[in-house]
Amino acid sequence: MKFEGMLKDNALQGKTILITGGGTGLGKSIGKYCVELGANLIITSRRQEVLDETAQEFSEIGDGEVLAISSDVRKVEDVERVIKTSLDKFGTIDSVLNNAAGNFIAPTERLTPKAFDVVVDIVLKGTYNYSLLLGQHWIKEKQAASILNIVTTYAWTGSAFVAPSAAAKGGVLALTRSLAAEWAKYNIRCNAIAPGPFPTKGAWDRLFPKPISTFINFEKSLPLKRYGNHQELANLAAYLLSDYAGYFNGEVVTIDGGEWIHNAGEFNKLERVPKALWGLIERATRGKKKK
Ligand code: HXC
Ligand code: NAP
C-alpha cells in the first residue's frame, strides 16, 4: 500500500483553495497536501486557536500562503467576511472545499428539533452559503472555478442513528449535481467525494464513543479490514481540485474500500458461511435431473 502523495510537484501552484473545517481531521489532511503541492489556502472554522495551530504547521511545509479565519458556516455575514478577507489577501479564490460538518449518533426519536437543526445547518446550509456566495462572485468575475463537497455514502443509502446528517448530506449530493448542471456554462464545476470511514478525532468521539466501540469492531467488519488512510483521500481531493480533473463535473467519487456495496449486496453476508459447508450447500442446490 502506498500512503504518499501522488500528484506532480507544484500541481496546485497558483491556486487558492478555501477549506471549511480546515483546521482538523480530513480538512486538515487535504489542506496539508494542497499546501505541499503549492496552493494558497484559506482555512476556516469556529475555533481560531485550532486554525492558528494548523496554519503554523502548514507554514513550515510549502511555498503557499495560509490564511486562518474563524467563522461559522451557518452565518451569511461570516461567510461574506471570509470571502472578502480572502479576496483582499489573495485576489482570487479558485476552489472551495465544503468540508465542515456536525454529527453525532443518536436514536432519532431522542432528538429535539434544535439537535436536527444544528447538524443540518452546518452541513447543508454551510455548503450552500459558500457555494452561493462564491458562485455569484465567480459568475460576476467570469472566473473558472470549482466546488468540491464532502458527503458520505449514506447520502444515498440513508443511515439509522445519524438521520440529520444523512438528510443533510443527501441535500448536499443533490446540490452538487444541480450546480454541476446549472453552472457548467460559467465554467464552474461541482463535484463531491463520498468517503467511507477515515479515523479522525471529531468523527470518532461522536460516532464511535466508548460504549459502542467496546462491543462493535467496526474496522474488522470492513471488506478490506482496514480504515482509509488520510493520504489516500488527500490524493483524490487534490486531484479533483487540480486542473487535471477539468472534465469532472457532477461526479461523486466514493472512496470507502467497497464498504457500502459490501453492506448492500443481497448475499454478501454469506461470507460467514464456513468454506467446508459449501460442498453440502452445492449438493443441496444442484438441480436433480429427472431420469
Ligand atoms: C442528542 C444532542 C447531542 C447528542 C448535541 N445534541 N449532541 N442530542 N444526542 N449526542 C443537541 C443538544 O442537546 C442541542 O439541542 C443541540 O443538539 C445543539 O447542541 P449544542 O451542543 O448546543 O451545539 P454546538 O455546540 O453548536 O455543537 C454542534 C454539534 C457538535 C454538532 C452538536 O457535535 C459539534 O460541534 N460538531 C462539530 C464537529 C463534528 O461533528 N465532527 C464530526 C463530523 S463526522 P437542545 O434542544 O437540547 O438545545 C461525519 C462523519 C460521517 O460527519 C460519516 C462517517 C463514516
Ligand atoms: P472533524 O475533524 O470534526 O471536522 C469537522 C470540521 O468542521 C471541524 O474542523 C469543525 O471545526 C468544523 N465545523 C463544525 N461546525 C462548524 C461551523 N458551524 N462553522 C465552521 N466550521 C465548523 O471531522 P472529520 O471526520 O474530519 O470530518 C470532515 C468531513 O468529512 C465532514 O464533512 C464529514 O461529514 C466528512 N466525512 C468524514 C468521515 C470520516 O470517517 N471521518 C467519513 C465520511 C465523511 P470547529 O468545531 O472548530 O468549528
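Below, the structure is looked at part by part. (Residues numbered from 1 in each chain as written. Chains lettered and ligands numbered in written order. Predicted model: local features only at pLDDT ≥ 70, side-chain atom pairs only at ≥ 80, totals over all residues. Heavy atoms only, no water.)

### Quick look at the pattern of salt bridges
Part 1 of the argument: Within this structure, the stated rule accounts for 11 salt bridges.
Part 2 of the argument: We note a salt bridge from D243 to K15, for which the minimum N-O separation is 2.8 Å. Of the two residues, D243 sits in the loop between helix 9 (230–241) and strand 7 (252–255) while K15 sits in the segment before strand 1 (16–20), which places them 228 residues apart along the sequence.
Part 3 of the argument: K28 is paired through a salt bridge with E57; the nearest N and O atoms lie 3.0 Å apart. One end of the pair, K28, is in helix 1 (residues 25–36); the other, E57, is in helix 2 (residues 48–59), with 29 residues separating them in the sequence.
Part 4 of the argument: For K28, a relative accessible area of 21% gives the class partly exposed.
Part 5 of the argument: You can call E57 partly exposed: its relative accessible area is 36%. (Salt bridge = Lys/Arg side-chain N within 4 Å of Asp/Glu carboxyl O. Helix = DSSP H or I, 4+ residues; strand = E, 2+ residues; numbered from the N terminus. Buried < 20%, exposed > 50% of the residue type's maximum accessible area, 1.4 Å probe, protein only.)

### Some details on the side chain of T200
Part 1 of the argument: For T200, the location among the structural elements is in the loop between strand 6 (188–195) and helix 7 (201–207).
Part 2 of the argument: Here T200 is in contact with G25, L26 and H230, once residues within four sequence places are set aside. (Contact = heavy atoms within 4.5 Å.)

### Quick look at the sheet that holds strand 2 (residues 40–45)
Part 1 of the argument: One open sheet accounts for 7 strands, arranged 3-2-1-4-5-6-7; its pairing is parallel. Each having just a single partner strand, strand 3 (66–70) and strand 7 make up the two edges of the open sheet. On average, each strand axis in the sheet is inclined to that of its neighbour by 15 degrees, with strand direction left out of account.
Part 2 of the argument: Where strand 2 and strand 3 come together, 5 bridges link them in parallel fashion. Looking across to strand 3, one finds that S45 is bridged to S70.
Part 3 of the argument: Here helix 6 (residues 163–183) sits on the sheet in contact with strand 5 (145–150), strand 6 and strand 7, set at roughly 155 degrees to strand 6. (Pairing = 2+ DSSP bridges. Axes fitted to C-alpha atoms, helices over the stretch in contact; angles between N-to-C directions.)

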